[in-house]
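# Tertiary structure, described
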Amino acid sequence: MLADSISPGSVKTEDQHRREICTAGRWIHGRGFVASTDGNISIRLDSRRILTSPTGISKGLMSPDEMVITDLQGRKLAGHREPSSELGMHLLIYLRRPDVNAICHAHPPNATAYAAAGIPLNKALLSEIVLSLSCIPVAQYGTPGTQELSDALEPLVQNYDAILLANHGVVTCGADLLTAFFRLETVEHFAQVSLATELLGKQVLLSGRDVEKLLAARVRYGATTAAPVSSNCPVTSDNAVGGSERISVTREELEALIEEAVRKDRAHR
Ligand SMILES: [Zn+2]
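Notes on the structure follow. (Residues numbered from 1 in each chain as written. Predicted model: local features only at pLDDT ≥ 70, side-chain atom pairs only at ≥ 80, totals over all residues. Heavy atoms only, no water.)

### A word on the state of the cysteines
Operational definition: Criterion for a disulfide: a pair of cysteine sulfur atoms at a distance within 2.5 Å. Only protein chains enter the accessibility calculation, which uses a 1.4 Å probe; a residue is then buried when its area is under 20% of its type maximum, exposed when over 50%, and partly exposed in between.
Inspection of every chain in the model, using the stated rule, returns one disulfide. Not part of a disulfide, Cys22 finds its nearest cysteine sulfur in Cys104, a span of 13 Å. With no disulfide partner, Cys173 has as its closest neighbouring cysteine sulfur the one in Cys104, 9.7 Å distant. Cys173 gets classed as buried once you look at its relative accessible area, which sits at 3%.

### Here's the deal with the sheet that holds strand β6 (residues 138-139)
This is how it is decided: The pairing criterion for strands is at least two bridges between them, as found by DSSP. To qualify as a helix, a DSSP run of H or I must reach at least 4 residues; to qualify as a strand, a run of E must reach at least 2; elements of each kind are numbered from the N terminus. Contacts were defined at the residue level, with two residues in contact if any of their heavy atoms lie within 4.5 Å. Axis lines are fitted through C-alpha atoms, for helices just across the contact stretch, and the angle between N-to-C directions can take any value from 0 to 180 degrees.
As summarised here, the arrangement of the eight strands in space is β4-β3-β2-β1-β5-β8-β7-β6, forming an open sheet in which the pairing is mixed. Each having just a single partner strand, β4 (76-78) and β6 make up the two edges of the open sheet. Alignment of strand β7 (residues 162-165) against strand β8 (residues 169-174), held across four bridges, turns out to be antiparallel. Looking at β8, one finds that Leu165 is bridged to Gly169. Where helix α2 (residues 87-96) meets the sheet, its contacts fall on β1 (40-44), β2 (49-52), β3 (68-71), β5 (102-106), β7 and β8, and the angle it forms with β1 comes to roughly 35 degrees. Packing of helix α6 (residues 177-200) onto the sheet brings it into contact with β1, β5, β7 and β8, and relative to β8 it is tilted by some 145 degrees.

### Structural notes on the packing of aromatic side chains
This is how it is decided: For this analysis, a ring pair means two rings from Phe, Tyr or Trp (six-membered ring only for Trp) whose centres lie within 6.5 Å, classed as stacked if their planes differ by under 30 degrees, edge-to-face if by over 60, and tilted for the remaining angles.
The final tally for this structure, using the stated rule, is two aromatic pairs. Here a set of aromatic residues connected by ring pairs shows up, and it is made of Trp27, Phe181 and Phe182.

### Describing the pattern of salt bridges
For the record, the criterion: Here, a salt bridge means any Lys or Arg side-chain nitrogen found within 4 Å of an Asp or Glu carboxyl oxygen.
This structure, assessed with the given rule, holds 16 salt bridges. Its salt-bridge partner being Arg49, residue Asp46 comes within 2.9 Å of it at the nearest N-O pair. The partner of Arg251 in a salt bridge is Glu255, and the shortest N-O contact between them spans 4.0 Å. Of this pair, Arg251 and Glu255 both sit in helix α8 (residues 251-268), four residues apart, which is roughly one turn of that helix. Judged by its relative accessible area of 63%, Arg251 falls in the exposed class. Sharing partners across several salt bridges, the network here consists of Glu14, Arg18, Asp46 and Arg49.

### Structural notes on the side chain of Arg44
How we decide: Throughout this description, a polar contact denotes any pair of N or O atoms lying within 3.5 Å of each other; where both atoms belong to protein, one of them has to be capable of donating a hydrogen while the other can accept it, and for residues adjacent in sequence the pair is counted only when both atoms sit in side chains.
Of note, Arg44 is situated in strand β1. A polar contact is formed between the side chain of Arg44 and the backbone oxygen of Tyr94, at a distance of 3.0 Å. Setting aside chain neighbours within four positions, we find Arg44 in contact with Arg49, Ile50, Tyr94, Arg97, Pro98, Val100 and Asn101.

### Points about the nonpolar core
Keep this limit in mind: The criterion is simple. A nonpolar core is a set of buried Ala, Val, Leu, Ile, Met, Phe, Trp, Tyr and Cys residues joined through side-chain atoms within 4.5 Å.
Counting 40 residues, the largest nonpolar core has Ile28, Leu164, Leu177 and Val187 as the members making the most contacts within it. At eight residues, the largest contribution of residues to this core is made by α6. Every residue in contact with Leu177, bar those within four places of it in the chain, is listed here: Ile6, Glu20, Ile21, Ala24, Ile41, Ile43, Ala102 and Cys104.

### Details of the environment of Glu188
The residue Glu188 is located in helix α6 in this model. On the basis of relative accessibility, which here comes to 6%, the residue Glu188 falls in the buried class. Taking the C-alpha atoms as reference points, Glu188 and Pro234, separated by 46 residues in sequence, lie 17 Å from one another.

### Digging into the coordination of the zinc ion
Defined as follows: With water excluded from the atoms, a metal site may look incomplete; its donors are any N, O or S atoms within 2.8 Å, or within 3.2 Å for Na, K and Ca.
For the zinc ion, the full set of protein donor atoms is His105 (NE2), His107 (NE2) and His168 (NE2), at a range of 2.0 to 2.1 Å. Between consecutive donors of the zinc ion, the numbers of intervening residues give the motif H-x1-H-x60-H. Separated by 61 residues along the polypeptide, His107 in the loop between β5 and α3 (109-117) and His168 in the loop between β7 and β8 bring together distant segments of the chain.

### Considerations on the packing of helix α1 (residues 14-30) against α6
Rules: Any angle between 65 and 115 degrees counts as roughly perpendicular, while under 35 counts as roughly parallel, over 145 as roughly antiparallel, and the rest as oblique. Amino acids are sorted into nonpolar (Ala, Val, Leu, Ile, Met, Phe, Trp, Tyr, Cys and Pro), charged (Asp, Glu, Lys and Arg) and polar (every other residue, Gly among them).
Two numbers describe how α1 lies on α6: the axes approach to 11 Å, and their chain directions differ by 10 degrees. Regarding the angle of α1 to α6, the classification is roughly parallel. Residues Glu20, Ile21, Ala24, Trp27 and Ile28 of α1 touch α6, and the partners they reach there are Leu177, Leu178, Phe181 and Leu184. The residue makeup of the contact of α1 with α6, split by class, is eight nonpolar, no polar and one charged.

Below is the structure:
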């Protein structure tokens, strides 16, 4: 195995898991998905133990012996540092999702911008996204590191492998660490493309029929959650409310339009 890589699968020695969390931390930091000591990564070691990154350290500078082991109630079992402040959010996901063995949480700038704007990444813009994540909802705001945040996530955890946290960041999960990391990377990439289409002023959405075919094929591409059944996940060209095309006018043009509308309204009275 390459020195700085993560192998697929979740059956590994504890030493390997420790090294791979450090690698994921360097990737997350190196790609600018976090600043300072933000973010956290965890792995399910077995039915009762979680291995997690420690709090208060750059995710790009962690060493394997700094990882912390806790039980599923968050009690520390081993490690000389303290566990991540977001451990509660990780534990909620492990408790609700027996299929999940790894979780990544970070603040990638584009996806976090969507989270801060309260806008879900739920438009059927890219076939690969419909296949892999179907759509990425926004969980209501909850104070980081508190029960409030877990409560906000609870309704979404069962159906989504990637969730935006309002005014905060992103959490992704998967059957192994590589999958959870790839999902984080995918969310940020999709946010970047979505933002670019917003700037271009035009978004061409896939049709409901196109999306149906993609959702039917999801399982072949490793999706472990059922495709969420919802009218707006993802939003297609059939169910988009209003046009998604944006127009721009100058202040003078806008004033002229308003004046004209007011004049017409007066003339009708
Ligand atoms: Zn955070």
